[in-house]
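Structural description and commentary
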2 protein chains.
Amino acid sequence: MASGQLSRAEALACSGRRHACHVMLYCDTKTQLFGRFPIRHIILMQMRFDGLLGFPGGLVNPSKETLEAGLGREVLEELGVAVPVSVEDHVESRLVPPSSPYSPGLITHFYVKKMEEEQIREVERAAVCTATDHGQEVLGMVRVPLYTMRAGGGLAPFLSHSFIGNARSQLVDSLLRLNMVAPEELHKALTHSLEMHTQTVEGLKAALEQTEGKRKRF
Amino acid sequence: MASGQLSRAEALACSGRRHACHVMLYCDTKTQLFGRFPIRHIILMQMRFDGLLGFPGGLVNPSKETLEAGLGREVLEELGVAVPVSVEDHVESRLVPPSSPYSPGLITHFYVKKMEEEQIREVERAAVCTATDHGQEVLGMVRVPLYTMRAGGGLAPFLSHSFIGNARSQLVDSLLRLNMVAPEELHKALTHSLEMHTQTVEGLKAALEQTEGKRKRF
(Lines give C-alpha, C1' and ligand atoms only; values in the text may rest on other atoms or scores of the structure.)
Protein backbone atom coordinates (compact mmCIF):
# COMPACT_ATOMS: atom_id res chain seq x y z
CA MET A 1 0.00 0.00 0.00
CA ALA A 2 1.15 3.56 -0.71
CA SER A 3 2.23 5.69 2.24
CA GLY A 4 -0.66 6.79 4.45
CA GLN A 5 -3.07 4.34 2.80
CA LEU A 6 -5.45 2.36 5.01
CA SER A 7 -8.18 -0.20 4.42
CA ARG A 8 -11.73 1.05 5.04
CA ALA A 9 -11.87 -1.07 8.23
CA GLU A 10 -8.50 0.17 9.52
CA ALA A 11 -9.58 3.75 8.86
CA LEU A 12 -12.82 3.27 10.80
CA ALA A 13 -10.92 1.73 13.71
CA CYS A 14 -8.87 4.93 14.17
CA SER A 15 -10.42 6.76 17.09
CA GLY A 16 -10.62 10.53 17.44
CA ARG A 17 -10.02 11.24 13.76
CA ARG A 18 -12.11 13.39 11.46
CA HIS A 19 -13.28 11.71 8.26
CA ALA A 20 -14.04 13.13 4.79
CA CYS A 21 -15.63 11.21 1.90
CA HIS A 22 -15.51 12.24 -1.76
CA VAL A 23 -16.78 10.59 -4.92
CA MET A 24 -15.82 10.71 -8.58
CA LEU A 25 -19.01 10.36 -10.66
CA TYR A 26 -18.46 9.49 -14.31
CA CYS A 27 -19.97 7.94 -17.41
CA ASP A 28 -18.93 6.75 -20.85
CA THR A 29 -19.90 8.91 -23.83
CA LYS A 30 -19.80 8.55 -27.60
CA THR A 31 -19.90 12.35 -28.15
CA GLN A 32 -16.99 14.08 -29.86
CA LEU A 33 -15.59 17.56 -29.29
CA PHE A 34 -16.12 19.62 -32.47
CA GLY A 35 -17.14 16.31 -34.11
CA ARG A 36 -13.45 15.29 -34.11
CA PHE A 37 -11.95 14.53 -30.68
CA PRO A 38 -13.59 11.61 -28.84
CA ILE A 39 -14.60 12.82 -25.35
CA ARG A 40 -14.78 9.15 -24.16
CA HIS A 41 -15.82 9.83 -20.54
CA ILE A 42 -17.52 12.61 -18.62
CA ILE A 43 -15.95 13.01 -15.16
CA LEU A 44 -17.46 15.57 -12.79
CA MET A 45 -15.39 17.79 -10.52
CA GLN A 46 -16.31 21.09 -8.89
CA MET A 47 -14.99 24.55 -8.12
CA ARG A 48 -15.23 24.62 -4.34
CA PHE A 49 -16.08 27.59 -2.10
CA ASP A 50 -12.37 27.86 -1.21
CA GLY A 51 -11.40 28.45 -4.85
CA LEU A 52 -9.87 24.99 -5.35
CA LEU A 53 -10.95 22.14 -7.63
CA GLY A 54 -12.15 18.94 -5.96
CA PHE A 55 -14.65 16.08 -6.01
CA PRO A 56 -18.15 16.29 -4.49
CA GLY A 57 -18.33 15.23 -0.84
CA GLY A 58 -17.36 16.47 2.60
CA LEU A 59 -16.98 15.68 6.29
CA VAL A 60 -18.72 12.61 7.70
CA ASN A 61 -19.08 11.56 11.34
CA PRO A 62 -18.84 7.72 11.41
CA SER A 63 -20.17 7.60 14.98
CA LYS A 64 -23.48 9.01 13.71
CA GLU A 65 -23.84 7.58 10.20
CA THR A 66 -22.06 5.16 7.85
CA LEU A 67 -19.40 6.71 5.59
CA GLU A 68 -21.59 6.03 2.57
CA ALA A 69 -24.75 7.53 4.11
CA GLY A 70 -22.76 10.65 5.05
CA LEU A 71 -21.33 10.89 1.57
CA GLY A 72 -24.83 10.51 0.10
CA ARG A 73 -26.03 13.38 2.30
CA GLU A 74 -23.17 15.65 1.16
CA VAL A 75 -23.74 14.73 -2.49
CA LEU A 76 -27.45 15.54 -2.21
CA GLU A 77 -26.64 18.98 -0.77
CA GLU A 78 -24.00 19.73 -3.40
CA LEU A 79 -25.54 18.15 -6.48
CA GLY A 80 -29.25 18.50 -5.72
CA VAL A 81 -30.02 14.88 -6.56
CA ALA A 82 -29.75 11.61 -4.63
CA VAL A 83 -26.83 9.47 -5.83
CA PRO A 84 -26.60 6.28 -3.76
CA VAL A 85 -22.96 5.41 -3.05
CA SER A 86 -22.18 1.98 -1.59
CA VAL A 87 -19.26 0.17 0.07
CA GLU A 88 -18.57 -1.46 -3.33
CA ASP A 89 -17.74 1.99 -4.76
CA HIS A 90 -14.99 2.54 -2.14
CA VAL A 91 -11.52 2.85 -3.71
CA GLU A 92 -9.15 3.98 -0.98
CA SER A 93 -8.80 5.51 2.47
CA ARG A 94 -5.84 7.62 3.38
CA LEU A 95 -4.43 9.48 6.38
CA VAL A 96 -3.45 13.06 5.45
CA PRO A 97 0.21 13.40 6.57
CA PRO A 98 0.97 15.82 9.43
CA SER A 99 3.10 17.88 7.01
CA SER A 100 0.19 18.62 4.64
CA PRO A 101 -1.02 22.24 4.41
CA TYR A 102 -4.60 20.90 4.11
CA SER A 103 -6.22 19.26 7.16
CA PRO A 104 -3.29 17.21 8.56
CA GLY A 105 -4.56 14.15 10.46
CA LEU A 106 -7.80 13.95 8.48
CA ILE A 107 -8.78 10.55 7.07
CA THR A 108 -10.02 10.81 3.48
CA HIS A 109 -12.17 8.16 1.82
CA PHE A 110 -12.45 8.10 -1.95
CA TYR A 111 -15.24 6.48 -3.98
CA VAL A 112 -15.77 6.09 -7.72
CA LYS A 113 -19.22 5.53 -9.20
CA LYS A 114 -20.09 4.89 -12.82
CA MET A 115 -23.43 6.24 -14.05
CA GLU A 116 -25.36 6.50 -17.30
CA GLU A 117 -24.67 9.57 -19.46
CA GLU A 118 -28.24 10.86 -18.96
CA GLN A 119 -27.80 10.57 -15.17
CA ILE A 120 -24.58 12.61 -15.28
CA ARG A 121 -26.36 15.29 -17.34
CA GLU A 122 -29.19 15.27 -14.79
CA VAL A 123 -26.63 15.75 -11.99
CA GLU A 124 -25.16 18.76 -13.82
CA ARG A 125 -28.61 20.34 -14.20
CA ALA A 126 -29.66 19.63 -10.61
CA ALA A 127 -26.36 21.03 -9.26
CA VAL A 128 -27.32 24.44 -10.66
CA CYS A 129 -31.14 24.29 -10.51
CA THR A 130 -31.97 22.58 -7.19
CA ALA A 131 -28.83 22.01 -5.05
CA THR A 132 -28.90 23.96 -1.78
CA ASP A 133 -25.11 24.35 -1.91
CA HIS A 134 -25.02 26.07 -5.32
CA GLY A 135 -23.26 29.41 -4.89
CA GLN A 136 -22.34 28.36 -1.35
CA GLU A 137 -20.08 25.30 -0.96
CA VAL A 138 -20.05 24.81 -4.73
CA LEU A 139 -19.16 27.59 -7.20
CA GLY A 140 -19.82 25.40 -10.24
CA MET A 141 -19.48 21.87 -11.67
CA VAL A 142 -16.89 21.20 -14.39
CA ARG A 143 -16.13 18.26 -16.65
CA VAL A 144 -12.57 16.95 -16.89
CA PRO A 145 -11.21 17.01 -20.48
CA LEU A 146 -9.41 13.71 -21.14
CA TYR A 147 -8.35 14.50 -24.71
CA THR A 148 -5.25 16.32 -25.93
CA MET A 149 -5.70 18.75 -28.81
CA ARG A 150 -3.04 19.59 -31.38
CA ALA A 151 -1.84 22.72 -29.53
CA GLY A 152 -1.76 20.77 -26.23
CA GLY A 153 -5.16 21.90 -24.90
CA GLY A 154 -7.26 19.53 -22.80
CA LEU A 155 -5.98 17.24 -20.05
CA ALA A 156 -2.58 18.93 -19.50
CA PRO A 157 -3.89 22.45 -18.79
CA PHE A 158 -6.63 20.97 -16.59
CA LEU A 159 -4.10 19.09 -14.44
CA SER A 160 -2.08 22.30 -13.98
CA HIS A 161 -4.88 23.92 -11.91
CA SER A 162 -4.88 24.04 -8.09
CA PHE A 163 -6.65 21.12 -6.35
CA ILE A 164 -7.71 20.52 -2.76
CA GLY A 165 -5.73 17.95 -0.74
CA ASN A 166 -5.04 14.84 -2.82
CA ALA A 167 -7.82 15.38 -5.39
CA ARG A 168 -5.43 15.61 -8.34
CA SER A 169 -3.67 12.44 -7.23
CA GLN A 170 -7.07 10.69 -6.87
CA LEU A 171 -8.01 11.81 -10.38
CA VAL A 172 -4.71 10.67 -11.92
CA ASP A 173 -4.94 7.32 -10.08
CA SER A 174 -8.51 6.79 -11.34
CA LEU A 175 -7.58 7.62 -14.94
CA LEU A 176 -4.91 4.92 -14.81
CA ARG A 177 -6.90 2.31 -12.86
CA LEU A 178 -9.97 2.63 -15.12
CA ASN A 179 -7.82 2.75 -18.29
CA MET A 180 -9.32 6.10 -19.24
CA VAL A 181 -5.98 7.52 -20.36
CA ALA A 182 -2.94 5.44 -21.36
CA PRO A 183 -0.01 5.74 -18.91
CA GLU A 184 2.26 7.16 -21.66
CA GLU A 185 -0.32 9.77 -22.62
CA LEU A 186 -0.90 10.76 -19.01
CA HIS A 187 2.83 11.05 -18.42
CA LYS A 188 3.13 13.32 -21.44
CA ALA A 189 0.19 15.44 -20.26
CA LEU A 190 1.69 15.84 -16.77
CA THR A 191 5.07 16.82 -18.25
CA HIS A 192 3.26 19.46 -20.31
CA SER A 193 1.33 20.54 -17.18
CA LEU A 194 4.61 21.22 -15.41
CA GLU A 195 5.80 23.37 -18.34
CA MET A 196 2.52 25.32 -18.37
CA HIS A 197 2.76 25.74 -14.64
CA THR A 198 6.08 27.54 -15.09
CA GLN A 199 4.44 29.91 -17.60
CA THR A 200 1.58 30.57 -15.18
CA VAL A 201 3.98 31.86 -12.55
CA GLU A 202 4.99 34.63 -14.96
CA GLY A 203 1.35 35.65 -15.36
CA LEU A 204 0.91 35.73 -11.59
CA LYS A 205 4.00 37.88 -11.13
CA ALA A 206 2.71 40.26 -13.83
CA ALA A 207 -0.67 40.48 -12.04
CA LEU A 208 1.14 41.25 -8.79
CA GLU A 209 3.05 44.09 -10.48
CA GLN A 210 -0.21 45.33 -12.02
CA THR A 211 -1.64 45.54 -8.48
CA GLU A 212 1.52 47.27 -7.19
CA GLY A 213 0.95 50.03 -9.76
CA LYS A 214 -2.72 50.40 -8.81
CA ARG A 215 -1.90 50.49 -5.09
CA LYS A 216 0.19 53.60 -5.70
CA ARG A 217 -2.38 55.23 -7.97
CA PHE A 218 -5.54 54.58 -5.95
CA MET B 1 -2.06 53.11 -22.42
CA ALA B 2 -0.48 49.83 -21.36
CA SER B 3 1.65 47.99 -23.88
CA GLY B 4 -0.36 46.42 -26.67
CA GLN B 5 -3.49 48.35 -25.73
CA LEU B 6 -5.57 49.91 -28.54
CA SER B 7 -8.77 51.92 -28.72
CA ARG B 8 -11.75 50.05 -30.20
CA ALA B 9 -11.45 52.19 -33.38
CA GLU B 10 -7.68 51.60 -33.72
CA ALA B 11 -8.23 47.88 -33.25
CA LEU B 12 -10.88 47.78 -35.98
CA ALA B 13 -8.60 49.73 -38.36
CA CYS B 14 -5.94 46.98 -38.18
CA SER B 15 -6.28 44.99 -41.37
CA GLY B 16 -5.71 41.26 -41.67
CA ARG B 17 -5.98 40.59 -37.93
CA ARG B 18 -8.16 38.03 -36.20
CA HIS B 19 -10.41 39.38 -33.42
CA ALA B 20 -11.76 37.74 -30.24
CA CYS B 21 -14.37 39.26 -27.90
CA HIS B 22 -15.00 38.18 -24.31
CA VAL B 23 -17.32 39.47 -21.61
CA MET B 24 -17.33 39.46 -17.83
CA LEU B 25 -20.94 39.15 -16.64
CA TYR B 26 -21.53 40.02 -12.99
CA CYS B 27 -24.05 41.19 -10.42
CA ASP B 28 -24.18 42.47 -6.85
CA THR B 29 -25.46 40.09 -4.18
CA LYS B 30 -26.39 40.36 -0.53
CA THR B 31 -25.94 36.62 0.07
CA GLN B 32 -23.29 35.41 2.51
CA LEU B 33 -21.17 32.26 2.41
CA PHE B 34 -22.10 30.06 5.39
CA GLY B 35 -24.10 33.07 6.61
CA ARG B 36 -20.80 34.76 7.55
CA PHE B 37 -18.64 35.88 4.62
CA PRO B 38 -20.24 38.49 2.35
CA ILE B 39 -20.10 37.21 -1.25
CA ARG B 40 -20.63 40.80 -2.53
CA HIS B 41 -20.58 40.04 -6.28
CA ILE B 42 -21.17 37.03 -8.51
CA ILE B 43 -18.72 37.01 -11.43
CA LEU B 44 -19.06 34.27 -14.06
CA MET B 45 -16.11 32.52 -15.66
CA GLN B 46 -15.96 29.16 -17.39
CA MET B 47 -13.87 26.02 -17.72
CA ARG B 48 -13.10 26.00 -21.43
CA PHE B 49 -12.78 22.98 -23.76
CA ASP B 50 -8.99 23.44 -23.64
CA GLY B 51 -8.90 22.93 -19.86
CA LEU B 52 -8.20 26.61 -19.06
CA LEU B 53 -10.35 29.14 -17.21
CA GLY B 54 -11.65 32.12 -19.21
CA PHE B 55 -14.56 34.45 -19.88
CA PRO B 56 -17.44 33.63 -22.25
CA GLY B 57 -16.87 34.74 -25.85
CA GLY B 58 -14.85 33.79 -28.90
CA LEU B 59 -13.68 34.72 -32.37
CA VAL B 60 -15.55 37.45 -34.26
CA ASN B 61 -15.14 38.51 -37.89
CA PRO B 62 -15.61 42.32 -37.99
CA SER B 63 -15.97 42.29 -41.79
CA LYS B 64 -19.17 40.25 -41.38
CA GLU B 65 -20.67 41.49 -38.10
CA THR B 66 -20.05 44.14 -35.44
CA LEU B 67 -17.82 43.08 -32.55
CA GLU B 68 -20.79 43.26 -30.20
CA ALA B 69 -23.12 41.24 -32.47
CA GLY B 70 -20.41 38.56 -32.79
CA LEU B 71 -19.90 38.50 -29.03
CA GLY B 72 -23.66 38.20 -28.54
CA ARG B 73 -23.71 35.20 -30.90
CA GLU B 74 -20.87 33.47 -29.00
CA VAL B 75 -22.52 34.19 -25.65
CA LEU B 76 -25.83 32.72 -26.85
CA GLU B 77 -24.05 29.52 -27.95
CA GLU B 78 -22.07 29.20 -24.72
CA LEU B 79 -24.64 30.39 -22.17
CA GLY B 80 -27.90 29.39 -23.87
CA VAL B 81 -29.50 32.77 -23.33
CA ALA B 82 -29.36 36.08 -25.20
CA VAL B 83 -27.29 38.69 -23.35
CA PRO B 84 -27.13 41.92 -25.39
CA VAL B 85 -23.66 43.47 -25.14
CA SER B 86 -23.19 47.03 -26.44
CA VAL B 87 -20.33 49.38 -27.34
CA GLU B 88 -20.84 51.03 -23.92
CA ASP B 89 -19.79 47.76 -22.23
CA HIS B 90 -16.41 47.80 -24.04
CA VAL B 91 -13.46 48.08 -21.62
CA GLU B 92 -10.31 47.51 -23.63
CA SER B 93 -8.82 46.13 -26.82
CA ARG B 94 -5.37 44.65 -26.92
CA LEU B 95 -2.92 43.16 -29.41
CA VAL B 96 -1.57 39.80 -28.18
CA PRO B 97 2.26 40.17 -28.33
CA PRO B 98 4.14 38.00 -30.86
CA SER B 99 5.95 36.31 -27.95
CA SER B 100 2.73 34.99 -26.36
CA PRO B 101 2.18 31.20 -26.33
CA TYR B 102 -1.53 31.85 -27.01
CA SER B 103 -2.61 33.25 -30.39
CA PRO B 104 0.15 35.83 -31.05
CA GLY B 105 -1.13 38.65 -33.27
CA LEU B 106 -4.75 38.19 -32.20
CA ILE B 107 -6.66 41.32 -31.15
CA THR B 108 -8.72 40.73 -28.00
CA HIS B 109 -11.68 42.90 -27.00
CA PHE B 110 -12.92 42.82 -23.43
CA TYR B 111 -16.38 43.82 -22.22
CA VAL B 112 -17.92 44.02 -18.76
CA LYS B 113 -21.68 43.89 -18.23
CA LYS B 114 -23.55 44.28 -14.97
CA MET B 115 -26.78 42.30 -14.60
CA GLU B 116 -29.40 41.61 -11.95
CA GLU B 117 -28.73 38.65 -9.62
CA GLU B 118 -31.76 36.74 -10.98
CA GLN B 119 -30.43 37.21 -14.53
CA ILE B 120 -27.02 35.80 -13.54
CA ARG B 121 -28.73 32.78 -11.96
CA GLU B 122 -30.76 32.34 -15.15
CA VAL B 123 -27.52 32.41 -17.19
CA GLU B 124 -26.05 29.67 -14.96
CA ARG B 125 -29.12 27.47 -15.45
CA ALA B 126 -29.32 28.07 -19.20
CA ALA B 127 -25.59 27.34 -19.63
CA VAL B 128 -26.23 23.77 -18.43
CA CYS B 129 -29.83 23.22 -19.58
CA THR B 130 -30.09 24.83 -23.02
CA ALA B 131 -26.68 26.02 -24.32
CA THR B 132 -25.53 24.18 -27.43
CA ASP B 133 -21.89 24.49 -26.32
CA HIS B 134 -22.37 22.74 -22.97
CA GLY B 135 -19.96 19.79 -22.85
CA GLN B 136 -18.38 21.08 -26.04
CA GLU B 137 -16.70 24.52 -25.93
CA VAL B 138 -17.73 24.91 -22.29
CA LEU B 139 -17.02 22.28 -19.61
CA GLY B 140 -18.83 24.26 -16.90
CA MET B 141 -19.53 27.73 -15.51
CA VAL B 142 -17.91 28.80 -12.23
CA ARG B 143 -18.30 31.78 -9.92
CA VAL B 144 -15.23 33.71 -8.81
CA PRO B 145 -14.85 33.82 -4.99
CA LEU B 146 -13.92 37.39 -3.98
CA TYR B 147 -13.69 36.72 -0.23
CA THR B 148 -10.73 35.48 1.78
CA MET B 149 -11.44 32.93 4.50
CA ARG B 150 -9.42 32.54 7.68
CA ALA B 151 -7.22 29.74 6.29
CA GLY B 152 -6.66 31.75 3.08
CA GLY B 153 -9.33 30.03 0.94
CA GLY B 154 -11.24 32.02 -1.69
CA LEU B 155 -9.73 34.58 -4.06
CA ALA B 156 -6.05 33.57 -3.67
CA PRO B 157 -6.45 29.87 -4.61
CA PHE B 158 -8.77 30.88 -7.46
CA LEU B 159 -6.18 33.25 -8.95
CA SER B 160 -3.54 30.47 -8.79
CA HIS B 161 -5.37 28.42 -11.48
CA SER B 162 -4.37 28.40 -15.16
CA PHE B 163 -6.14 30.97 -17.36
CA ILE B 164 -6.32 31.47 -21.13
CA GLY B 165 -4.40 34.42 -22.62
CA ASN B 166 -4.86 37.56 -20.53
CA ALA B 167 -8.07 36.43 -18.75
CA ARG B 168 -6.51 36.57 -15.26
CA SER B 169 -5.15 40.04 -15.97
CA GLN B 170 -8.60 41.15 -17.23
CA LEU B 171 -10.18 39.78 -14.05
CA VAL B 172 -7.65 41.49 -11.74
CA ASP B 173 -8.03 44.77 -13.67
CA SER B 174 -11.83 44.59 -13.37
CA LEU B 175 -11.74 43.85 -9.64
CA LEU B 176 -9.66 47.02 -9.15
CA ARG B 177 -11.53 49.26 -11.60
CA LEU B 178 -14.96 48.33 -10.21
CA ASN B 179 -13.72 48.53 -6.58
CA MET B 180 -14.77 44.93 -5.98
CA VAL B 181 -11.63 44.12 -4.00
CA ALA B 182 -9.40 46.71 -2.31
CA PRO B 183 -5.94 47.02 -3.92
CA GLU B 184 -4.20 46.00 -0.66
CA GLU B 185 -6.42 42.92 -0.31
CA LEU B 186 -5.86 41.92 -3.93
CA HIS B 187 -2.13 42.35 -3.55
CA LYS B 188 -2.17 40.11 -0.50
CA ALA B 189 -4.27 37.49 -2.33
CA LEU B 190 -1.88 37.46 -5.31
CA THR B 191 1.13 37.10 -2.99
CA HIS B 192 -0.62 34.11 -1.40
CA SER B 193 -1.45 32.77 -4.89
CA LEU B 194 2.23 32.76 -5.75
CA GLU B 195 3.03 30.80 -2.58
CA MET B 196 0.26 28.28 -3.32
CA HIS B 197 1.52 27.99 -6.86
CA THR B 198 4.89 26.83 -5.55
CA GLN B 199 3.14 24.14 -3.48
CA THR B 200 1.17 23.01 -6.53
CA VAL B 201 4.34 22.25 -8.43
CA GLU B 202 5.23 19.67 -5.77
CA GLY B 203 1.85 17.97 -6.29
CA LEU B 204 2.40 17.91 -10.03
CA LYS B 205 5.87 16.38 -9.64
CA ALA B 206 4.40 13.74 -7.30
CA ALA B 207 1.69 12.92 -9.89
CA LEU B 208 4.37 12.61 -12.54
CA GLU B 209 6.29 10.14 -10.36
CA GLN B 210 3.04 8.27 -9.69
CA THR B 211 2.64 7.88 -13.47
CA GLU B 212 6.28 6.83 -13.89
CA GLY B 213 5.63 3.91 -11.52
CA LYS B 214 2.45 2.89 -13.38
CA ARG B 215 4.17 3.08 -16.76
CA LYS B 216 6.58 0.38 -15.61
CA ARG B 217 3.89 -1.76 -14.02
CA PHE B 218 1.26 -1.68 -16.77
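Our structure's up above, just so we're on the same page.
One numbering rule holds for all chains: residues counted from 1, following each sequence as written. Naming scheme: in the order in which they are written, chains are lettered from A and ligands are numbered from 1. Per-residue local features of the predicted model are confined to residues with pLDDT of at least 70, and side-chain atom pairs are confined, for both listing and counting, to 80 or more; whole-chain, interface and lining totals are unaffected and use all residues.

Where helices and strands are cited, they refer to DSSP runs of H or I of at least four residues and of E of at least two residues respectively, numbered from the N terminus. Scanning chain A from terminus to terminus reveals six helices and 10 strands. Relative to the compact-globule value of 17 Å for 218 residues, chain A shows a C-alpha radius of gyration of 19 Å, a close match. Overall size of chain A, expressed as C-alpha extent along the three principal axes, is 55 × 45 × 40 Å. Using C-beta atoms placed from the backbone, we call a residue buried if 20 or more other C-beta atoms fall within 10 Å of its own, exposed if 12 or fewer do, and partly exposed for counts in between. Within chain A, the proportion of its 218 residues that are buried is 45%. Radius of gyration: C-alpha atoms only; globule rule: 2.2 Å multiplied by the number of residues to the exponent 0.38.

The next subject is the packing of helix α3 (residues 117-129) of chain A against helix α3 (residues 117-129) of chain B. For the pair α3 of chain A and α3 of chain B, interaxial distance at closest approach is 9 Å and the crossing angle is 175°. By the angle class used here, α3 of chain A and α3 of chain B are roughly antiparallel. Together, E124, R125, V128 and C129 of chain A of α3 of chain A and E124, R125, V128 and C129 of chain B of α3 of chain B make up the contact between the two elements. Interaxial angles span 0 to 180 degrees and are taken between N-to-C directions of axes, which are lines fitted to C-alpha atoms, for helices over the stretch in contact. Each angle is binned into one of four classes, with values under 35 degrees roughly parallel, values over 145 roughly antiparallel, values of 65 to 115 roughly perpendicular, and all other values oblique. The contact criterion used here is simple: two residues whose C-beta atoms, placed from the backbone, lie within 7 Å are in contact.

Here we take up unusual backbone geometry. Residues and elements named next belong to chain A. With a phi close to 65°, R40 is a non-glycine residue in the positive phi region. Mapping R40 onto the fold places it in the loop between β4 (37-38) and β5 (41-48). Judged by the 15 C-beta atoms lying within 10 Å of it, R40 is partly exposed.

Our next topic: the relation of the copies chain B and chain A. Both copies of the chain are tied together by a single rotation about an axis and a shift running along it. For the pair chain B and chain A, the superposition axis carries a translation of 0.0 Å, the fit reaches an RMSD of 0.0 Å, and the rotation angle comes to 180°. The relationship between the two copies is best expressed as a two-fold rotation axis. Considering only C-alpha atoms, the residue of chain B closest to the rotation axis is H161 of chain B, which sits at 2.3 Å. Looking at chain B, 98% of its interface residues are interface residues in chain A too, so the copies touch through the same face. In this comparison the copies share one frame, found by least squares on the C-alpha atoms of residues holding pLDDT of at least 70 in both.

All names here are of chain B. The element strand β5 (residues 41-48) is extensively covered by neighbouring structure, given that seven of its eight residues are classed as buried. Whether two strands pair depends on DSSP finding at least two bridges between them. By the bridge criterion, three bridges tie strand β2 (residues 19-28) to β5 in an arrangement that is antiparallel. Within β5, the residue paired with D28 across the bridge is H41. Judged from the five bridges that link them, β5 and strand β10 (residues 138-143) form a sheet pairing that is antiparallel. Across the sheet, the residue bridging to L44 is R143, located in β10. As defined by bridge partners, β5 adjoins strand β6 (residues 53-54) across two bridges and the pair is classed as antiparallel. Bridging from a neighbouring strand, Q46 pairs with G54 of β6. Count of turn residues in the β5/β6 antiparallel hairpin: four residues, of which G51 carries a positive phi of about 85°.

This part takes up the interface of chain B and chain A. Taken together, the contacts link 59 residues of chain B with 58 residues of chain A. Contributing elements (two or more residues each) for the side of chain B that touches chain A: α3, β10, α4 (155-159), α5 (167-177) and α6 (183-217) of chain B. Classification convention: Asp, Glu, Lys, Arg as charged; Ala, Val, Leu, Ile, Met, Phe, Trp, Tyr, Cys, Pro as nonpolar; all other residues, Gly among them, as polar. Counted by class, the side of chain B that touches chain A contains 29 nonpolar, 20 polar and 10 charged residues.

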